[in-house]
Amino acid sequence: MHHPIEDYVVDDKALDRAAAMLRGAERVAVLTGAGVSAESGVPTFRGTDGLWEGHHVEEVATPFAFERDPKLVWRFYNARRAGLRTVHPNPGHFALAALENRLGTERFALVTQNVDGLHKAAGSKHVLELHGNLARVRCTGCPKIEDRGTEPLDDLPHCSACGHLLRPDIVWFHEALPEGTWAAAEDAARRCQCFVVIGTSAIVYPAAGLIEVAEEYGARIIEINLATTDASHSMDLGLYGPSGQILPRLVERLGS
Ligand code: OAD
């Protein structure tokens, strides 16, 4: 059970310390999770009941589920894709884009577990999507990968090139992360001097392992979350409150 934060007052001193850590870093890497999109109205995974039509997300987001009942899995993803039509980046996403602008893209990497595309929509450029992207579909029969935006897809959509069944271009439980993206994320965690962990329960591996990599390679680590997490013991500093409020205040402190 994690410590619930009763009030969300983040004091100026803590923000000053975080800003000093960012300023002192030649390179900054950020790891985000569902919490960064919560204020945009995208539900988190381990929130209230964590269920979709009575299914645990872990039950519909696996290759076995897709083999057993592809229609059910597509209904789940089509519902999530439809949900994206009405969501927009929040001030937390925009603040991270502003941080990248301030540092320069070569000094910054944004590693995300989110599949909602909101970081890019906010203007972030160096985004490493560890778990794929809801807008993209991938063929189960040929190498075709396509961005279909939020356009409604059939219950069982098929590839226009080879006719095989399409699947969401999402990393499911029991699947490996995209190799190149993972290698780049590990590299960013090793090379940064400041690692900022935002809105993730930090329990899904290998993504959460990046915190250990950053720690091992000597980065200062900041956590921004509504509550403490399994990874809080690794943190040099915790800022507890909504990331959509904390991040703009933090980035503003850095000046231009
Ligand atoms: P979780 O739902 O596990 O955790 C969300 C975290 O965000 C929690 O620690 C909340 O306290 C925090 N949070 C909620 N609202 C917030 C806010 N406004 N500001 C700051 N923090 C807030 O989501 P993830 O850690 O992203 O994987 O989950 C990791 C992975 O598990 C997902 O990428 C997905 C899932 O199963 C796959 O689909 C492969």
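A quick note: this is a predicted structure, and the numbers were derived from the prediction, not measured.

K.L.:
Just checking my understanding: could you explain the packing of aromatic side chains for this structure?
P.N.:
Where two aromatic rings form a pair, the distance of their centres and the angle of their planes describe that pair. The tally for this structure, following the rule as stated, stands at three aromatic pairs. For the ring pair F66 and W172, a centre distance of 5.3 Å and an interplane angle of 45° mean the geometry is tilted. You can see F66 sitting in helix α4 (residues 63-68) and its partner W172 sitting in the loop between β8 (166-170) and α8 (179-191), a full 106 residues away along the chain. Residue classification places W172 among the buried positions, given a relative accessible area of 3%. A network of ring pairs unites the aromatic residues F66, F76, Y77 and W172 as a single cluster. One residue, R167, lies across the ring of W172, its end atom 3.8 Å from the ring centre.

K.L.:
Would you take a moment to explain the domain arrangement of the chain for this structure?
P.N.:
The figure often quoted for interface size is the accessible area lost as the parts come together. On domain assignment, one finds that the chain holds domain 1 (5-42 + 89-131 + 176-253) and domain 2 (51-85 + 138-170). Here the C-alpha centre of domain 2 lies 28 Å away from the C-alpha centre of domain 1.

K.L.:
Any chance you could explain unusual backbone geometry here in plain terms?
P.N.:
The phi angle of most residues is negative, glycine excepted, and most peptide bonds adopt the trans form. Put simply, Y205 and P206 share a cis peptide bond, and its omega is 5°. With respect to the helices, strands and loops of the structure, P206 is situated in the loop between β9 (194-198) and α9 (209-216). Of note, H174 is a non-glycine position whose phi angle comes to about 75°, a positive value. Take H174: it is sitting in the loop between β8 and α8. The phi dihedral of A202 is positive, around 55°, even though this residue is not glycine. Topologically, A202 is positioned in the loop between β9 and α9.

K.L.:
I'm lost on the sheet that holds strand β10 (residues 220-225) in this one. Help?
P.N.:
One open sheet holds the six strands; their spatial order is β5-β4-β1-β9-β10-β11, and the pairing between them is parallel. Each end of this open sheet is capped by a strand with a single partner; those strands are β5 (127-129) and β11 (237-240). Adjacent strand axes in the sheet meet at a mean angle of 15° when their direction is disregarded. Two elements, strand β4 (residues 108-112) and β5, share three bridges in a ladder whose sense is parallel. From the neighbouring strand, V111 faces β5, where its bridge partner is L128. Sheet contacts for α8: β1 (28-32), β4, β5 and β9; angle to β5, the most-contacted strand, approximately 130°. Where α9 meets the sheet, it contacts β1, β4, β9 and β10, and its direction lies at approximately 160° from that of β9.

Basis of the calculations
Residues numbered from 1 in each chain as written. Predicted model: local features only at pLDDT ≥ 70, side-chain atom pairs only at ≥ 80, totals over all residues. Heavy atoms only, no water. Phe/Tyr/Trp six-rings, centres within 6.5 Å; stacked < 30°, edge-to-face > 60°. Helix = DSSP H or I, 4+ residues; strand = E, 2+ residues; numbered from the N terminus. Buried < 20%, exposed > 50% of the residue type's maximum accessible area, 1.4 Å probe, protein only. Lys NZ or Arg CZ within 6 Å of the ring centre and 35° of its normal. Domains from an automatic or database assignment. Pairing = 2+ DSSP bridges. Axes fitted to C-alpha atoms, helices over the stretch in contact; angles between N-to-C directions. Contact = heavy atoms within 4.5 Å.

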